[in-house]
Amino acid sequence: MGYISTFRPSVKREAEKNKAQWKTMGPAKVAVPSPKNFLQKHSKEPKLPARKKEQDSKKLPALSVPRRTDHPVMGIQSKKNFINTNAVAAITGLPKKPQPIYVDRRQGDKYLLETSGLVPKYIKKKDYGVTPKYVTRRNEEMKRAQKEYEASILEHLKKRAMKRLSDEERRSLLQGLKKNWEEVYREFQGLSVEIDTIPKKIYKEKLESQMKQLEHDIEVIEKHKVIYIANE
């Protein structure tokens, strides 16, 4: 005997429950429409609301302007002297400042200067010219990192027993290297134009090598302000 699931009855019941009711044998039994209910002309067009009575249409909306038959109120007079008032206001009032403009072509096309972007409004800000806080904080962090790096280098050099050259020693060393380079260059200038023997060729290559090494040493010392040497 094969396996029978315990859920077989519930599945069968669900299938019968969800079975479509319109699935029948033969043609479906549908009510036939009556011949009297045929589609008429303009029957599916939207219908307008019923028209109001003529009495309601004769009523006009309230107007905000006076009618032609209305008369103004007469006899009202004002004691205000408008001539003197206008004269005093013109005398005591501040003159109207001209609106700043700019001309971009020789034909005279004028544009407002305020909205052109040419007015330096940013200089009127409260924080104009003030170093931003993030820049100050970054500079402080860089200085602190540089100090920590120098301290670690000094500690490392102390362990390796190295000595730092003073400014005077560095200057004298640099002058000595330049003097040696001048002497070697003077000897190089004294060579003959034609190098036709092997000893002359070897001597020329030796002088060129010495000059190149001296130039490299001078460049290194000029580039680095702090120089350490090993103690003997």
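All residue numbers here refer to positions counted from 1 along the written sequence of the relevant chain. In keeping with the model being predicted, local features are shown solely for residues with a pLDDT of at least 70 and side-chain atom pairs are shown and tallied solely at 80 or more, while totals for entire chains, interfaces and linings include all residues. In computing side-chain properties, one takes all heavy atoms of the structure into account and sets aside hydrogens as well as water.

Caption draft 1: Inspection of the overall build of the protein at higher detail. Tallying secondary structure elements over the protein gives six helices and four strands in all. Here a strand is any run of E in DSSP of at least two residues, a helix any run of H or I of at least four, and the numbering for each starts at the N terminus. Its helices and strands taken in sequence order, the protein reads α-α-α-β-β-α-β-α-α-β from the N to the C terminus. For the protein, the share of sequence-separated contacts (at least 6 apart) that also reach a separation of at least 24 residues comes to 53%. Using the Shrake-Rupley algorithm and a 1.4 Å probe, accessible areas are obtained, with residue cover drawn only from the displayed protein chains. For the protein, the accessible surface area stands at approximately 23,800 Å², while carbon and sulfur atoms represent 56% of it. Residue contacts are defined here by distance: any two heavy atoms, one from each residue, within 4.5 Å place the two residues in contact.

Caption draft 2: A look at helix α6 (residues 198-223). With 26 residues, α6 ought to run about 38 Å at 1.5 Å a step, and its terminal C-alpha atoms sit 38 Å apart, in line with that. Buried-residue contacts for α6 involve α5 (167-189). Helix span is expected to be 1.5 Å times the residue number reduced by one.

Caption draft 3: The arrangement of the packing of aromatic side chains in detail. In summary, the pairing rule links any two rings of Phe, Tyr or Trp, Trp by its six-membered ring, whose centres are within 6.5 Å, and it sorts them by plane angle into stacked for under 30 degrees, edge-to-face for over 60 and tilted for everything else. Under the counting rule described, the total for this entry stands at three aromatic pairs. Summarising the aromatic geometry, the rings of Tyr102 and Tyr111 are spaced 5.7 Å apart at their centres and angled 35° between planes, so their arrangement reads as tilted. Judged by its relative accessible area of 24%, Tyr102 is partly exposed. Aromatic side chains Trp181 and Tyr185 sit 5.1 Å apart centroid to centroid with 5° between the ring planes, which places their arrangement in the stacked category. The rule is simple: take the accessible area with a 1.4 Å probe, protein chains only, and divide by the maximum for that residue type; under 20% is buried, over 50% is exposed, in between is partly exposed.

Caption draft 4: View of unusual backbone geometry. With a phi angle near 60°, His42 is a residue other than glycine that sits in the positive phi range. You can see His42 is positioned in the loop between α1 (8-17) and α2 (54-58).

Caption draft 5: Structural context of the environment of Asp70. Take Asp70: it is sitting in the loop between α2 and α3 (82-92). Engagement of the side chain of Asp70 in a polar contact is seen with the backbone nitrogen of Arg67, the distance being 3.0 Å. Whenever a nitrogen or oxygen atom comes within 3.5 Å of another N or O atom, the pair is scored as a polar contact, on the condition that within protein one atom can donate a hydrogen and the other can accept it, and that pairs from neighbouring residues in sequence are kept only if both atoms are in side chains.

Caption draft 6: Broad picture of the pattern of salt bridges. Here a salt bridge means any side-chain nitrogen of Lys or Arg lying within 4 Å of a carboxyl oxygen belonging to Asp or Glu. Scanning the entire structure with this criterion turns up five salt bridges. The residue Glu222 makes a salt bridge to Lys178 at a minimum N-O spacing of 3.3 Å. Note that Glu222 is positioned in helix α6 and Lys178 in helix α5, a separation of 44 residues in sequence. Glu222 gets classed as partly exposed once you look at its relative accessible area, which sits at 39%. When the shortest N-O distance is used, the salt bridge between Lys200 and Asp196 registers 3.6 Å. When its relative accessible area of 52% is taken as the criterion, Asp196 is described as exposed.

Caption draft 7: Focus on the layout of surface pockets. Both cavities and pockets are sets of points on a 1 Å grid over the protein atoms alone; in a cavity a 1.4 Å probe fits but cannot get out, in a pocket the set is open with protein on both sides within 12 Å along at least five of seven lines, and lining residues sit with an atom within 4 Å of a point. Grid points are joined across faces, edges and corners, and a volume is the space filled by probe spheres set on the points. Of the voids in this model, the largest pocket is the one considered here, and its volume is about 170 Å³. What lines the largest pocket is simply Gln146, Tyr149, Glu150, Ile153, Leu154, Arg164, Val226 and Tyr228. Examining the composition of the lining of the largest pocket, we find that five residues originate from one element, helix α4 (residues 133-159), more than from any other. Along the lines of polarity and charge, the residues of the lining of the largest pocket split into five nonpolar, one polar and two charged. Classes in brief: Ala, Val, Leu, Ile, Met, Phe, Trp, Tyr, Cys and Pro nonpolar; Asp, Glu, Lys and Arg charged; the others, Gly included, polar.

Caption draft 8: A look at the nonpolar core. Residues belong to one nonpolar core when they are buried, are Ala, Val, Leu, Ile, Met, Phe, Trp, Tyr or Cys, and are joined through side-chain atoms within 4.5 Å. Leu165, Leu174, Leu177, Val184, Leu207, Met211, Leu214, Ile218, Ile221 and Ile227 form the largest nonpolar core, which has ten residues in total. In terms of residue count, α6 provides more of this core than any other element does, five residues in total. Sequence-distant contacts of Leu177, that is, excluding residues within four places in its chain, are made with Leu214, Asp217, Ile218 and Ile221.

Caption draft 9: Examining α5 more closely. Its 23 residues give α5 an end-to-end C-alpha distance of 33 Å, which sits within 8% of 33 Å, the value for a rise of 1.5 Å per residue. Burial in α5 covers these residues: Arg170, Leu174, Leu177 and Val184. Turning to α5, the residues buried within the fold contact α6.

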